[in-house]
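An overview of the molecular structure
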Amino acid sequence: MKPILDPMSGSRMFYFDKNNTSVLFGDIRDESYWLSDYSKLVIHPDQQMDARELPFPDSSFHLVVLDPPHLYNCGKNSDLGKSYGVLNKSTWETDLKQIFNEAWRVLKPNSTLIFKWADKDITLNHLLYVLGREPIFGDKKISGRKLDTHRFWLVFFKEK
């Protein structure tokens with residue numbers, strides 16, 4: 001088993017090495033699109049999976065990376081929707097809580113979970129309330145408003 005899991009890797013946009021052999025790249029989608037700028041977006045995971053129900057035993061990975069969709073006010077067929085996915089406006093809280101809990105379940109003790117978030121539709125405060133867990137460190141600029149979008153990197157550590 002690889003030591004790192006990214007169950008929602010999409011097109012692996014933030015990776016320097018999109019084929020890193022230490023990472024198990026997963027996603028619920030396996031598809032490609034032509035975007036409005038005529039570039040091709042390819043989402044081809046090593047393994048298709050639903051991050052709400054991960055197919056791995058407890059304590060399987062040293063590092064889990066979560067970059068879930070963060071928009072619900074976005075068309076599924078828009079470039080943003082195709083690139084990042086779209087949250088269901090009525091179930092996003094349950095979905096994100098399930099995704100986080102599954103990632104936490106497959107994380108080994110004394111290991112790290114990295115969570116990437118953008119607060120365009122949902123503030124960081126609201127997300128952390130839904131998750132019911134506080135990161136040990138990360139970006140702390142919390143506006144409480146949806147006027148400015150800010151990307152957050154949050155680090156959670158699972159103790160023994």
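What comes next concerns the included structure. (Residues numbered from 1 in each chain as written. Predicted model: local features only at pLDDT ≥ 70, side-chain atom pairs only at ≥ 80, totals over all residues. Heavy atoms only, no water.)

1. Quick word on the overall build of the protein
Helix and strand counts for the protein come out as three helices and nine strands. Counted from the first residue to the last, the protein has its helices and strands arranged as β-β-β-β-β-β-α-α-β-α-β-β. Computed over its C-alpha atoms, the radius of gyration of the protein comes to 15 Å, within 12% of the 15 Å expected for a compact globule of 160 residues. Out of the 160 residues belonging to the protein, those deemed buried represent 46%. Accessible area of the protein: about 8900 Å², with a carbon and sulfur share of 51%. Here the protein carries 22 positive and 21 negative side-chain charges, and the mean point of each set is 2 Å from the other. (Helix = DSSP H or I, 4+ residues; strand = E, 2+ residues; numbered from the N terminus. Rg over C-alpha atoms; globule rule 2.2 N^0.38 Å. Buried < 20%, exposed > 50% of the residue type's maximum accessible area, 1.4 Å probe, protein only. Areas by Shrake-Rupley, 256 points an atom, 1.4 Å probe, with all protein chains shown as cover. Lys, Arg positive; Asp, Glu negative; His and termini not counted. Charge placed at Lys NZ, Arg CZ, Asp CG, Glu CD.)

2. Details of helix 2 (residues 92-106)
With 15 residues, helix 2 extends 21 Å between its outermost C-alpha atoms, agreeing within 8% with the 21 Å of an ideal straight helix rising 1.5 Å per residue. For helix 2, every residue scored as buried is listed here: Trp-92, Asp-95, Leu-96, Ile-99, Phe-100, Glu-102, Ala-103, Trp-104 and Val-106. Of the surrounding secondary structure, the elements contacted by the buried residues of helix 2 are strand 1 (4-6), strand 6 (61-66), strand 7 (107-118), helix 3 (124-131) and strand 9 (151-158). (Expected span 1.5 Å × (residues − 1). Contact = heavy atoms within 4.5 Å.)

3. Considerations on the environment of Gly-75
Secondary-structure assignment places Gly-75 in the loop between strand 6 and helix 1 (79-84). The spatial distance from the C-alpha of Gly-75 to the C-alpha of Lys-158 is 36 Å, given a sequence separation of 83 residues. Ignoring sequence-local partners within four residues, the contact set of Gly-75 consists of Gly-81 and Val-86.

4. Observations concerning a nonpolar patch on the surface
A surface patch of nonpolar side chains, about 260 Å² in accessible area, is lined by Met-13, Leu-80 and Tyr-84. Assignment of secondary structure puts Met-13 in the loop between strand 1 and strand 2 (23-27). (Patch = residues over 30% accessible without salt bridge, like charges linked within 9 Å, V, L, I, M, F, W, Y side chains within 5 Å. Salt bridge = Lys/Arg side-chain N within 4 Å of Asp/Glu carboxyl O.)

5. Observations regarding the packing of aromatic side chains
For the structure on display, the rule yields eight aromatic pairs. Centre to centre, the rings of Phe-56 and Phe-61 are 5.1 Å apart; their planes meet at 85°, and the pair counts as edge-to-face. Both residues of the pair, Phe-56 and Phe-61, belong to the buried class. Geometrically, the ring pair formed by Phe-100 and Phe-115 is tilted, given 6.3 Å between the ring centres and 40° between the ring planes. One end of the pair, Phe-100, is in helix 2; the other, Phe-115, is in strand 7, and 15 residues separate them in sequence. Side by side, Phe-100 and Phe-115 carry an identical accessibility label, which is buried. Three or more aromatic residues link up through ring pairs in this structure, and these residues are Phe-100, Trp-104, Phe-115, Trp-117 and Phe-156. Here Arg-12 stacks its cationic end above the ring of Phe-25, 3.9 Å away from the centre of that ring. Here the guanidinium or amino end of Arg-133 rests over the ring plane of Trp-104, the centre of that ring lying 4.3 Å away. (Phe/Tyr/Trp six-rings, centres within 6.5 Å; stacked < 30°, edge-to-face > 60°. Lys NZ or Arg CZ within 6 Å of the ring centre and 35° of its normal.)

6. Some words on the side chain of Ser-9
With respect to the secondary-structure elements, Ser-9 resides in the loop between strand 1 and strand 2. Contact partners of Ser-9, with chain neighbours within four places excluded, come to Phe-25, Gly-26 and Asp-27.

7. Some thoughts on helix 3
The set of residues buried in helix 3 consists of Leu-124, Leu-127, Leu-128, Val-130 and Leu-131. Buried positions in helix 3, seen along its axis, are confined to an arc of 160° and lie on one side of it. In this structure, the buried residues of helix 3 make contact with helix 2, strand 7 and strand 9. Gly-132 lies just past helix 3 and shows a positive phi near 70°. (Arc of directions from axis to C-beta.)

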